[in-house]
Amino acid sequence: MITLAPKKIKFEKSYSEQELSSKFVAKNINTESVYDCDIVAAFNKFELIEQIEETKHTLIISADVLFDSEIIKTIQLLVDNQPAIRVYLCLGDDEQNKTAIDRLKSRCLVRTGVAQAGAIFLSDHQYFNKRGVVITELDENGYCLDLTLDQIDDSYRSFCKHFWDNAQHEYLGELKRQAQRADVKIVLNDDYQLDGYFDRKSFKTAISTVNALALSNKIELEEYATLISNRQFSDLNRIAKENSVNIILTDFNYPNIVYEAKDDERSEEVVWLLPNEFSAGKVNWAIQLNDDQKNKVTESIDKAIEQACWELALNPKVCELVDVDFVSANNSNEELMTIDERKAITLEEKYCQSIGEFLTETPEVLFSKQTNWTDKFAAQHITFSGIIHPPYCPKSATKDELVGKWDKVNNQWHQSLCDAESMLNNSSKQLTESSDRSFASLLSQFILGQDQKRKKLIGRIDELKNFNLLHSTPAERKNAEDDFSQILLEINQNKMQIAQQINLAEKEHMWDKQNKQLSANKKQAREDVSKAKERIKNKRPELETLLREIESKYREEVKTYRSEEIEGNTATLPKEAEELKSGKQFFANKENRKKHAKLYQVHNHLFTKHSKVYKELLDIEKNTDNLEKRLATVIDELVRHEQNKPKVQSLNESFDKQLGLKDKKQLKITWPSEDLPVDDFSLMQDKGKRYLVIKSLDKYDIANKEASRLKATVCTFKNGGVHA
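Residues numbered from 1 in each chain as written. Predicted model: local features only at pLDDT ≥ 70, side-chain atom pairs only at ≥ 80, totals over all residues. Heavy atoms only, no water.

*Asks:* So what about a negative patch on the surface? Which residues, and what values?
*Replies:* Together, Glu-47, Glu-50, Glu-53 and Asp-146 line one region of the surface with negative charge. When residues in the negative patch are grouped by element, the largest group, 3 residues, is from helix α1 (residues 45–53). (Patch = residues over 30% accessible without salt bridge, like charges linked within 9 Å, V, L, I, M, F, W, Y side chains within 5 Å. Areas by Shrake-Rupley, 256 points an atom, 1.4 Å probe, with all protein chains shown as cover. Salt bridge = Lys/Arg side-chain N within 4 Å of Asp/Glu carboxyl O. Lys, Arg positive; Asp, Glu negative; His and termini not counted. Charge placed at Lys NZ, Arg CZ, Asp CG, Glu CD. Helix = DSSP H or I, 4+ residues; strand = E, 2+ residues; numbered from the N terminus.)

*Asks:* Summarise the pairing of strand β12 (residues 175–178); cite the residues concerned and give the values.
*Replies:* Of the pairings in the sheet, the one linking strand β11 (residues 169–172) to β12 comprises 4 bridges and is antiparallel in character. Across the sheet, residue Glu-170 finds its bridge partner in β12, namely Arg-177. Once β11 ends, the chain turns through 2 residues before running back antiparallel as β12, passing Gly-173 with a positive phi of about 65 degrees. (Pairing = 2+ DSSP bridges.)

*Asks:* Can you explain the packing of aromatic side chains? Please cite residues and give values.
*Replies:* Applying the stated rule across the entire model yields 19 aromatic pairs. Here the aromatic rings of Phe-377 and Phe-384 are separated by 5.7 Å at their centres, their planes lie at 65 degrees, and the arrangement is edge-to-face. With respect to burial, Phe-377 and Phe-384 carry one shared label: buried. Sitting over the ring of Phe-358, Lys-7 keeps its end group 4.5 Å from the ring centre. Here the basic side chain of Lys-45 rests over the ring of Phe-46, its NZ or CZ set 5.6 Å away from the ring centre. (Phe/Tyr/Trp six-rings, centres within 6.5 Å; stacked < 30°, edge-to-face > 60°. Buried < 20%, exposed > 50% of the residue type's maximum accessible area, 1.4 Å probe, protein only. Lys NZ or Arg CZ within 6 Å of the ring centre and 35° of its normal.)

*Asks:* An account of the pairing of strand β9 (residues 131–135) is needed here, citing residue identities and associated values.
*Replies:* Of all 5 residues in β9, 4 are buried; the element is thus mostly enclosed. In terms of strand pairing, strand β8 (residues 119–123) meets β9 through 5 bridges, oriented antiparallel. Each residue of the ladder has a partner; that of Ser-123, found in β9, is Arg-131. Note that β9 and strand β10 (residues 143–146) share 3 bridges and pair antiparallel. Residue pairing in the sheet places Val-133 in a bridge with Asp-146 of β10.

*Asks:* Any chance you could break down the nonpolar core for me, citing the residues and the numbers?
*Replies:* In this structure, Ile-339 and Phe-384 are the most contacted members of the largest nonpolar core, which totals 40 residues. If you look at the next biggest cluster of nonpolar residues, it comprises 34 residues, including Cys-37, Trp-285, Ile-301 and Ala-304. (Core = buried A, V, L, I, M, F, W, Y, C linked by side-chain atoms within 4.5 Å.)

*Asks:* Which residues make up helix α7 (residues 291–306), and what values do they have?
*Replies:* Here α7 spans 23 Å end to end across 16 residues, near enough to the 22 Å set by a 1.5 Å rise per residue. Every buried residue of α7 is listed here: Gln-293, Val-297, Ser-300, Ile-301 and Ala-304. Looking straight down α7, one finds that the buried residues subtend no more than 100 degrees of arc, so they occupy a single side. Structural note: α7 exposes Asp-291, Glu-299 and Glu-306 on the side pointing more than 90 degrees away from its buried face. Where α7 begins, the side chain of Asn-290 points an oxygen toward the backbone nitrogen of Asp-292, at a separation of 3.3 Å. (Expected span 1.5 Å × (residues − 1). Arc of directions from axis to C-beta. Polar contact = N/O pair within 3.5 Å; in protein donor to acceptor, adjacent residues only side chain to side chain.)

*Asks:* Tell me about the sheet that holds strand β25 (residues 398–399), and name the residues and values.
*Replies:* Taking strand neighbours across the sheet as the criterion, the 4 strands line up as β25-β26-β27-β28 in an open arrangement whose pairing is mixed. The sheet is open, and its two edges are formed by β25 and β28 (713–715), each paired on a single side. With 3 bridges connecting them, strand β27 (residues 689–693) and β28 associate as parallel partners. Looking at the pairing, Val-693 lines up with Cys-715 of β28.

*Asks:* Explain the sheet that holds β12 to me, using residue names and the numbers behind them.
*Replies:* Across the sheet, which stays open at both edges, the 9 strands sit in the order β3-β10-β9-β8-β4-β5-β6-β11-β12 with mixed pairing between neighbours. The open sheet terminates on both sides in strands that have one partner only, identified here as β3 (40–42) and β12. Between one strand and the next, the sheet's axes are offset by a mean angle of 20 degrees, whatever the strand orientation. Lying over the sheet, α1 contacts β4 (58–63), β8 and β9, oriented at roughly 150 degrees with respect to β9. (Axes fitted to C-alpha atoms, helices over the stretch in contact; angles between N-to-C directions. Contact = heavy atoms within 4.5 Å.)

*Asks:* Tell me what's going on with the environment of Lys-629, and back it up with residues and numbers.
*Replies:* Inspection of the secondary structure puts Lys-629 in helix α15 (residues 597–643). Counting along the chain gives 100 residues from Lys-629 to Val-529, while the straight-line C-alpha distance between them is 9.4 Å.

*Asks:* Please provide a residue-by-residue account of the pattern of salt bridges, values included.
*Replies:* One pass over the full model with this rule turns up 34 salt bridges. Ionic pairing is found between Lys-45 and Glu-70, a salt bridge with its closest N-O pair at 2.7 Å. Residue Lys-45 is found in helix α1, and its partner Glu-70 is found in helix α2 (residues 69–81); the two are separated by 25 residues along the sequence. Under the relative-accessibility criterion, Glu-70 is labelled partly exposed at 37%. In this structure, the salt-bridge partner of Lys-105 is Glu-174, at a minimum N-O distance of 3.4 Å. Taken together, the residues span a long stretch of sequence, with Lys-105 in the loop between α3 (98–104) and β6 (109–112) and Glu-174 in the loop between β11 and β12 at a distance of 69 residues. Residue classification places Glu-174 among the exposed residues on the basis of a relative accessible area of 67%. The structure contains a network of salt bridges with shared partners spanning Lys-98, Asp-102, Lys-105 and Glu-174.

As structure tokens, this is what we get:
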């Protein structure tokens, strides 16, 4: 068997003449590139502390955050040792400056709320020994410039503007309050040290040294300008390269120095020293350099250009950069790269689109897209290795809809056979359960006949279960379908016959049971009537005699009552009180009961006794009448029951429906319009595409024909099993 297995390959490709995009290439490898400028020197904290200590009259400090503990301690000692010295602090956020405020608020006048970039320190600005320094950042990354007298005056006026007019809070000893504006107008020499000044403009520059991201966004480079930049400002460096700027990259942070070209506002070039954390929206302690400062800075820049670590190479070839460090001109802050002489690379595995492609195409063609040059290759000669895979059935593929249709038809076929067998067994079970009931003797012969029919039908159903539906002809399927319909019809007929027989036997049993009960009821009713008549015959004379005796006794009591010589009672006794029944109405009157109290007691006793006897007589007579009526009802029920004896008849339509015998649909199967693939090929689909899956190349030709018929792509399962 010829299996479809992945192929391991290896080939070599040379890129010596491949042209690359522009690069910044390392130079002066053996020369140490350092910053060298006496005018704009690296910040030295101890020199600043010395300047503070030498202050005699006034110390002015403006910074966004004053955090250095040694500088804060020096200011404390200065004021403690020389109480006459006045110290003014203009700071940024209160919370960030909490340490400085807490330690200096009782010694200095502190105002806050002015966001700043860079810092200035002015000592004794109104005296002959005045000194001033601007610092681009108050840490080891900063640079400082000693200010000229004019620059001290400009900075002092700017400080006053921020301190007196722009500060938000003021600290006087332990008191914090809202800062009040100055009563006088502060006159400035220039406004470039005000907040927002640089937010209104960009720098059209001839020469720039840039070390701040916010500043890089403000630079407008003129054609053929010079830019000393850091590799981290890739966007600025890319724009400089596109504008044919002479761009120099350094590995250290140069101070922000911008040569601003002449424009409508300025008649001559201006050179700026700007803070490290330059921000267009803040106060920037920027300085315009004078001619002497400018000349010395220019000398330093020229020297930096000579010692530049990186130069721009336009479209170099791969062979020119072997063993040389470089970075992309379009993304200068990326990691350093170099070109090796040789390298081995493992390619991403290739998955062919067809079996034909897998069998015939060369590795160079199949991997052509992956072997197109990219800077990531970083080698002059590359040996590629990889794996070529045959086309796999997608991992997300599912069985094709056609397979589902045939599975559905096959399941429907076998389920229908199982349902028919279940229906047949249920009918048999119904007969078996009936054999234990009281009317089973009526069904014995019928049960034997039904058992023979069931065995024959089960045999025919088993034959249809073994029928190969998926690989049969339409004619064979039609014959099987007709045979099944006939079996289903016979099962339904048997079911109806069983229901009829059980129903008739059950009704006859119930009729006979009710008939016996009604006959017993009739007999019992006759006996009850006879006993009642006998009782009334014997009891009535006795009760009537007792009633007469009670009435006679009352009349005797009345006579006795009249004969008594009690004044006032006998004279008013009316005739109606002489009889027991009429006396009831007489004694209903309260006055009569009071006048004839003795007779009333006698009457009440005898009347109660008379009523009891009379009620007993009425109950006996009423009971006899009820029993006679009951007897007549029982006789009538028995007659009607005998007239309704069950007869053999067909089940009515409603009962047929309850049993599922009416409106029974015959088996209806919609056969798929296409046949399944031959042999053991699997038909799959994914995202509207069909895949015919083979296990080996032995039947590749047959698979191609089947794939053509089914409009499918021939492929295999990954690892010979489940989907890829």
